[in-house]
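What the coordinates show
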2 protein chains.
Amino acid sequence: MDKKVITIIGSGMMGSALAFPARENGNEVNIVGTHLDREIIENCIENNRHLKFDRDFPEGVKFYQIEDLDKALKNVDFIICGVSSFGVDWWRDFILPKLPENVPVVSVTKGLMNKEDGKLITYLDIWGEKLKELNKNIPLCAIGGPCTSYELVAHDQTYVNFCGKDKEALKMIKEAMETDYYHIGLSEDIVGVESAVALKNGYALGVALTIGVNQKNFKDDTLHFNSQAAVFTEAVKEMQKLLTLQNAGSLDNLALGVGDLYVTVYGGRTRLIGILLGKGLNIDEAKNELNGVTLESLVVAERVAKALRIKAEKGEADLKDYPLLLHIDDIITKKLSVNIPWNEFI
Amino acid sequence: MDKKVITIIGSGMMGSALAFPARENGNEVNIVGTHLDREIIENCIENNRHLKFDRDFPEGVKFYQIEDLDKALKNVDFIICGVSSFGVDWWRDFILPKLPENVPVVSVTKGLMNKEDGKLITYLDIWGEKLKELNKNIPLCAIGGPCTSYELVAHDQTYVNFCGKDKEALKMIKEAMETDYYHIGLSEDIVGVESAVALKNGYALGVALTIGVNQKNFKDDTLHFNSQAAVFTEAVKEMQKLLTLQNAGSLDNLALGVGDLYVTVYGGRTRLIGILLGKGLNIDEAKNELNGVTLESLVVAERVAKALRIKAEKGEADLKDYPLLLHIDDIITKKLSVNIPWNEFI
């Protein structure tokens, strides 16, 4: 296999985890921290290990502070965007102008942005507009699908989807990244993949609410899967209806989103805040418990609900189809207590 | 609300659990054990508690051995069939002839039966044929959806679907059974609901395999959700394709099956045998560990795969669409080792 030069910009957990399959395949791998990642990069240089991982990077990964971005981009074959959804504007305004022409970018950033007319666009749409302004050609691709970074680092068998319009770029990136544990499907449906994996964040919060409700009601740590499964069922229905509104209602998209929902219920802070809310805290109290961290799941749920209400006003959607999402939105924006609308599930 | 007389025949966990919402709603509730349930019924009579439950039945449930079936059927408004799929023939041959005309039966029995031509029929189909023979009218209904019995007993919020062709019967049963924790949706698509909840049994085994594989590979108890989610994604795709083959590819059916898959991965013996197989035992060794118990999940996976291979020969299905199911079938029928076919997932 032809070895590539791969530069990861943004040294969060997900971006950094991708260095493992990338480097193990023999590619040259550079990781560049953002201005917020200074300490992470210092530690990587010193110990060849990410602060949040429990094992070293494969030998030979190179680490750069943001000032050295140019050095890290020398001879690069493709770039991985590893920023979170809170870095989308920064990526657009500060990074895109500095990237070399014609070198593909593949993004791990998950989310959707709502427009005033009720449209939900992807981050790739946002960056594509900027590229048009800059009169610059960069093939934009994205990664979607169930993958937690620490399990990727542990070499758990993982299956994700790479999506993009440029088939050659996708093929090149897949060839460089695929290993015997990191399996990659391809899709040209950017809106579908990106919508599916964004939506699951909001719905994972919904499933997690029931865990908290039951911990409160039953005062024990048994997990009470009936409730979780009931909300999961409703989430599948609502996700498919939302995907259809995005003109992306294929089985592949739904299955990807549902698999990603499955893994997200078990991971990280979305589960945590869902449980806190389910236990009876209001959104401000729950956020306080998590030190005021702004969560992608909250942002996406709020944006999608906002877009949906506008679509409903225009007669393009029926709010009755989305009782779970609207309840989640009420919890977030109106600070309501959790009260799963069982009788509105149909 | 009009109180009903409800008779549950078969005192397994699921049938018996339904006595809780039924009796709490003030209905008269009779539980009749099969010839295999003798000890359970004795214990119920003595202690008002099922051997496998950790709390008493609500006051006033009446218990009968099978010889007293007639007494338990006096004035009955509807009957709950609580036998497992291994009791389907017994129900057809010994119970149906004894049941009163025009009194609806609602069944918790989950499964499908394969015919020689590759058709997969529901247990309600099998019983319907017998009723035709007997020239007897009994509205047949079924319960599908995510519900573990012990969580229902604990009053976990639960949402299931009752399906049947007789809308009046469904409405009456729903009204009698629904509580503030047991929520009931209605569907006329018997084949869809029954297929969805049968299929998930086979696929739950598939997800559980990865838990075992990872326990073997990583020698730890972390759960490695990436693998589970990847197989879950594939399961969603294959289930939808199978539902479509059953002319039952509606979103409601898929969502129900997927929610039920979610809960089944966490419950009971299907998970257990999946983990044993994933750890490297062959099917005989794994069954031995479980004391040779025959599992519904194994039966359904084998039957569906058999039917699918016949359909493929007839050009009605493409085996390439079902790599996961066929691998599960190979594990069961050819005693192959687990080797998840990642590269066949598309």
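Heads up: the structure comes first, above all this text.
Glancing now at the interface of chain B and chain A. Across the boundary between the two partners, chain B contributes 43 residues, which contact 43 residues of chain A. Summed over both sides, the interface between chain B and chain A buries roughly 3700 Å², with carbon and sulfur atoms accounting for 65% of that surface. Taken together, the connections running from chain B to chain A amount to 2 salt bridges. Notably, a salt bridge pairs Lys 237 of chain A with Asp 252 of chain B, separated by 3.7 Å at the nearest N-O pair. Sorting the residues of the side of chain B that touches chain A by element identifies helix H7 (149-153), strand E9 (158-164), helix H9 (190-218), helix H10 (225-245) and helix H11 (251-265) of chain B as the ones contributing at least two each.

Here the focus is the sheet that holds strand E8 (residues 140-144) of chain A. Residues and elements named next belong to chain A. Spatially, E3-E2-E1-E4-E5-E8-E9-E10 is the arrangement adopted by the 8 strands of the open sheet, whose pairing is mixed. Because the sheet does not close on itself, it has two edges, and the strands there are strand E3 (62-64) and strand E10 (182-187). With direction set aside, neighbouring strand axes in the sheet form an average angle of 25°. Contacting E8, strand E9 (158-164) and E10, helix H9 (residues 190-218) crosses the sheet at an angle of about 40° to E8.

In summary, the two copies of the chain are related to each other by a rotation about an axis coupled with a shift along it. Mapping chain B onto chain A calls for a screw motion: a turn of 180° about the axis and a shift of 0.0 Å along it, with 0.0 Å RMSD after fitting. Read as a symmetry element, the transformation amounts to a two-fold axis. Nearest to the rotation axis, the C-alpha of Tyr 262 of chain B is located 4.0 Å from it, this being the minimum over chain B. A shared binding surface is used by both copies, with 100% of the interface residues of chain B retained as interface residues in chain A.

Okay, the packing of H9 of chain B against H11 of chain B next. Residue and element names in this part refer to chain B. At a minimum axis separation of 8 Å, H9 and H11 run at an interaxial angle of 35°. You can see that H9 and H11 cross each other, and the crossing is right-handed. Residues Gly 192, Val 193, Ala 196, Val 197, Lys 200, Asn 201, Tyr 203, Ala 204 and Val 207 of H9 form the contact with H11, whose participating residues are Asn 253, Leu 256, Gly 257, Asp 260, Leu 261, Thr 264 and Val 265.

Parameters at a glance
Residues numbered from 1 in each chain as written. Chains lettered and ligands numbered in written order. Predicted model: local features only at pLDDT ≥ 70, side-chain atom pairs only at ≥ 80, totals over all residues. Heavy atoms only, no water. Contact = heavy atoms within 4.5 Å. Buried area = accessible area lost by both parts, 1.4 Å probe. Salt bridge = Lys/Arg side-chain N within 4 Å of Asp/Glu carboxyl O. Helix = DSSP H or I, 4+ residues; strand = E, 2+ residues; numbered from the N terminus. Pairing = 2+ DSSP bridges. Axes fitted to C-alpha atoms, helices over the stretch in contact; angles between N-to-C directions. Least-squares fit on C-alpha atoms with pLDDT ≥ 70 in both. Left-handed = near helix turned anticlockwise from the far one by under 90°.

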